[in-house]
Amino acid sequence: MSKTYDYLVVGSGLFGATFTYLATEEGKRVLVLEKRDHQGGNVYQEKRDGISIHKYGAHIFHTSNKDVWDFVNKFTSFNNYINSPIAYYHGQVYNMPFNMNTFSKMFSVVTPAEAKKVIEDEKKEISREPENLEEQAISLVGRTIYEKLVKEYTEKQWGKSCKELPPSIIKRLPVRFTYDNNYFSDRYQGIPEHGYNSIIDKMLEKADVILNTDYLKDREKWSALAERILYTGCLDEFYGYKYGKLEYRSEIFEHEKVECENYQGNAVVNYTSHEVPYTRIIEHKHFLREDSPVSWISREYPVSFEETGEPYYPINDEKNSTLYKKYRADADAESKLIIGGRLAEYKYYDMDKTIESAMATYQRCR
């Protein structure tokens, strides 16, 4: 019996949608299955009171890859939003990433030479190869910045003491000796003026999409419909956890309408101390400078994966990396199966890298 589709794509997030678009543009027949009640994965947005809300956390597009930038601009135009988050610590506000505005306020210095001297003196505290995240961070930025802007924020994010976390989690911390608050150094950045939903909708418009459907609950039925399968979900779940479960950190997003025009004056404010239970507050209207007499904010609470069942951040320590390699070897041995995306590859992807990877995967598997 001939197959109905050339590809079955499991998951309608950015990776699956990009792959689907490339395939359908070449006349391929594609069926997309999505477990949630909406397409778009974590870039999905909702409109409330005229404000575009990033339901699963802030997504700010940035890239230095012109091919990727030209690709996304085929679907919508982008504004000129520049990400300039600030950090709140015990009543004080500091600029992020760490730059001369940060150092000037924290150390009462003015010149880069003065800031470098303070930081270099503090870094000398760690004289050996760092053995944990705390030592790694101090060796990069010194104890003052570590204590105020890294330590407690990181412990909230990962649910562990920095002394228990491996140094590999913070391989580098951006330190800029200029008065520049632009968080990203990429050439292109912004927010889609018509939202991420408009991009995903256009990517998937030539495919058949079925929502509220868990592929793994009836995989034989769905797999029989296509020549090849692109799977973008958790790989350990795909194989029934036969080697054990991969570990993730999760998030709870608490969305709230506030009866004021401007709640915090910035799109992103990080809360870096334990006295505040959430890691940051997003005020969505600042991304597109949307005009509304009210505002919508989202508080982000890092929690264990077991608490929500939603995998967000892979815990890429040695144990989990070794476990993932076993699942990956099984997947690579299956000729009909294609895997891709942050869950299937057990790695954190920025949006541009997700698109870049999906493009390369389609070219390899077409």
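Criteria and cut-off values
- Residues numbered from 1 in each chain as written.
- Predicted model: local features only at pLDDT ≥ 70, side-chain atom pairs only at ≥ 80, totals over all residues.
- Heavy atoms only, no water.
- Salt bridge = Lys/Arg side-chain N within 4 Å of Asp/Glu carboxyl O.
- Helix = DSSP H or I, 4+ residues; strand = E, 2+ residues; numbered from the N terminus.
- Expected span 1.5 Å × (residues − 1).
- Buried < 20%, exposed > 50% of the residue type's maximum accessible area, 1.4 Å probe, protein only.
- Phe/Tyr/Trp six-rings, centres within 6.5 Å; stacked < 30°, edge-to-face > 60°.
- Lys NZ or Arg CZ within 6 Å of the ring centre and 35° of its normal.
- Core = buried A, V, L, I, M, F, W, Y, C linked by side-chain atoms within 4.5 Å.
- Contact = heavy atoms within 4.5 Å.

**Some thoughts on the pattern of salt bridges**
Here is step 1 of the chain: Applying the stated criterion across every chain yields a total of 25 salt bridges.
Here is step 2 of the chain: Of the charged contacts, one joins E46 and R48 as a salt bridge, the two residues approaching to 2.7 Å between their closest N and O atoms.
Here is step 3 of the chain: Of the charged contacts in the structure, one is a salt bridge between D49 and K257, with a shortest N-O distance of 3.6 Å. Highlighted residues: D49 in the loop between β3 (45-48) and β4 (51-54) and K257 in strand β11 (residues 248-258), separated in sequence by 208 residues.
Here is step 4 of the chain: When salt bridges that share partners are traced, they join E125, E134, R143 and E147 into one network.

**Looking at helix α13 (residues 351-365)**
Here is step 1 of the chain: Between its first and last C-alpha, α13 extends 21 Å over 15 residues, near the 21 Å set by a 1.5 Å rise per residue.
Here is step 2 of the chain: Considered for burial, the residues of α13 that qualify are M351, D352, T354, I355, S357, A358, M359, T361, Y362 and C365.

**Describing the packing of aromatic side chains**
Here is step 1 of the chain: A complete count under the given rule lists 27 aromatic pairs for this structure.
Here is step 2 of the chain: On the basis of an interplanar angle of 80 degrees and a centroid distance of 4.9 Å, the ring pair of F238 and Y239 is categorised as edge-to-face.
Here is step 3 of the chain: The class of Y239 is buried, set by a relative accessible area of 13%.
Here is step 4 of the chain: Put simply, the rings of Y215, Y231, F238, Y239, Y243 and Y327 touch in pairs and so form one group of aromatic residues.
Here is step 5 of the chain: Cation over ring: K105 sits above Y94, and NZ or CZ is 5.6 Å from the ring centre.

**As for the nonpolar core**
Here is step 1 of the chain: Grouped together as the largest cluster of nonpolar side chains are 44 residues, with contacts concentrated most on Y7, F61, F71, M203, F287 and I355.
Here is step 2 of the chain: Of all elements in the fold, only β1 (5-10), α1 (14-25), β2 (30-33), α2 (66-72), α7 (195-204), α10 (285-288) and α13 reach the threshold of two or more residues within this core.
Here is step 3 of the chain: Setting aside residues no more than four positions away along its own chain, F71 makes contact with T18, Y21, L22, M203, I355 and M359.

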